[in-house]
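Residues per chain, in single letters:
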Amino acid sequence: MISSILVDIGNTNTKWKFEEEYFILPTENFELDLLPSCSRIWISNVSSNSFKSKKFNVCFVESQVRYKSLTNVYSDPKSLGCDRWLGMIASYELSQGKSFVLVDVGTAITIDIVNNSGAHLGGLIFPGLDKIRQTFDKFSVVSPEHINALGHTTEEAWGNGTIALVVNTINQKIREIKNEKSDISVFITGGGYLGLQN
């Protein structure tokens, strides 16, 4: 029996890794009993769904006040999404004492800033690309070949405009931060990241 499985339950999808293979399911279809036998399941859950199991020893991750010298700025530390906290811990370990920006692109997009002392300076949350596109559901979307492309149909203009909105918002915030702190690492993660690579 394996010792543990790490599970990331997001608003849209749930992901886990088992024996070097990654799995993904829509969160609405995920159940703990789908997982193989193990001694413990560690869960990061930002969805509104609750998960219980009599079959497994389940541990839910919660944001904390501190991890090493990384400190959570929230007055109620547990109200910071555990996905953001775990992302900051990973970025903190990779940044080796440098300031960093963490951009997580998913159902929502979050941007968090941490200085070289490990202090979380705060962050931003705004709708992800799919949520923005759902605001005018009468428009179908044609994905652009390039972010600066102009649309020649309503569908192209909507597809190009919405992706430009998201990418330019992220880029502008990173530019603002780099103007204040030039020696800063930028980490980008999340299930929606691949959709922004044009």
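In this report, we go over the structure that sits alongside the text. In this text the structure is predicted, and so the values were computed from the model without any measurement.

Comments concerning unusual backbone geometry
- In this model, Lys-68 sits at a positive phi of 50°, which is unusual for a non-glycine residue.
- Checked against the element boundaries, Lys-68 lands in the loop between strand E6 (66-67) and strand E7 (70-71).
- Owing to a relative accessible area of 54%, Lys-68 belongs among the exposed residues under this scheme.
- One non-glycine residue, Gln-96, lies in positive phi territory at about 50°.
- Checked against the element boundaries, Gln-96 lands in the loop between helix H1 (82-95) and strand E8 (99-105).

A closer look at the pairing of strand E2 (residues 13-18)
- Only one face of E2 is covered, namely the one carrying Thr-14, Trp-16 and Phe-18; the face carrying Asn-13, Lys-15 and Lys-17 has none of its residues buried.
- Direction of pairing for E2 relative to strand E3 (residues 21-26): antiparallel, over a ladder of 6 bridges. When the sheet's bridge partners are listed, Lys-15 is paired in E3 with Ile-24.

Focus: the side chain of Asn-45
- Secondary-structure assignment places Asn-45 in strand E4 (residues 38-45).
- Within the structure, Asn-45 has its side chain in polar contact with the side chain of Ser-47 (distance 2.7 Å).
- At 2.9 Å, the side chain of Asn-45 and the backbone oxygen of Asn-49 are in polar contact.

Notes on the pattern of salt bridges
- Evaluated as defined, the whole model comprises 7 salt bridges.
- Linking Lys-15 and Asp-8 is a salt bridge whose minimum nitrogen-to-oxygen distance equals 3.8 Å.

A closer look at the nonpolar core
- If you look at the biggest cluster of nonpolar residues, it comprises 17 residues, and the most contacted ones within it are Val-101, Val-103, Ile-109, Val-166, Ile-170 and Leu-196.
- Secondary-structure elements contributing two or more residues to this core are E8, strand E9 (108-114), helix H2 (129-133) and helix H3 (154-180).
- Counting residues per element, this core draws most heavily on H3, at 6 residues.
- Not counting the four nearest positions on each side in its chain, Val-103 is found in contact with Ile-109, Thr-110, Ile-111, Ile-170, Ile-174, Phe-187, Ile-188 and Thr-189.
- In terms of nonpolar packing, the next biggest core, distinct from the first, is built from 13 residues, Ile-5, Val-7, Trp-16 and Ile-41 among them.

Reading the values: rules and limits
Each chain carries its own residue numbering, running from 1 in the direction its sequence is written. Given that this is a predicted model, residues contribute local features only at a pLDDT of at least 70 and side-chain atom pairs are listed and counted only at 80 or more, while totals for whole chains, interfaces and linings are drawn from all residues. By convention in this description, side-chain values take in all heavy atoms of the structure and omit both hydrogens and water. Under the scheme used here, helices are H or I runs from DSSP no shorter than 4 residues and strands are E runs no shorter than 2 residues, and both carry numbers assigned from the N terminus. Relative accessibility under 20% of the residue-type maximum defines a buried residue, over 50% an exposed one, and the middle range a partly exposed one, all with a 1.4 Å probe and only protein chains included. Following DSSP output, two strands are said to pair if at least two bridges run between them. Between N or O atoms, a polar contact is any pair within 3.5 Å; within protein, one atom must be a potential hydrogen donor and the other a potential acceptor, and residues adjacent in sequence are included only when both atoms are from side chains. Salt bridges are identified by distance alone: a Lys or Arg side-chain nitrogen within 4 Å of an Asp or Glu carboxyl oxygen. To form a nonpolar core, buried Ala, Val, Leu, Ile, Met, Phe, Trp, Tyr and Cys residues must be joined to one another through side-chain atoms within 4.5 Å. The criterion used for residue contact is that any of the two residues' heavy atoms lie within 4.5 Å.

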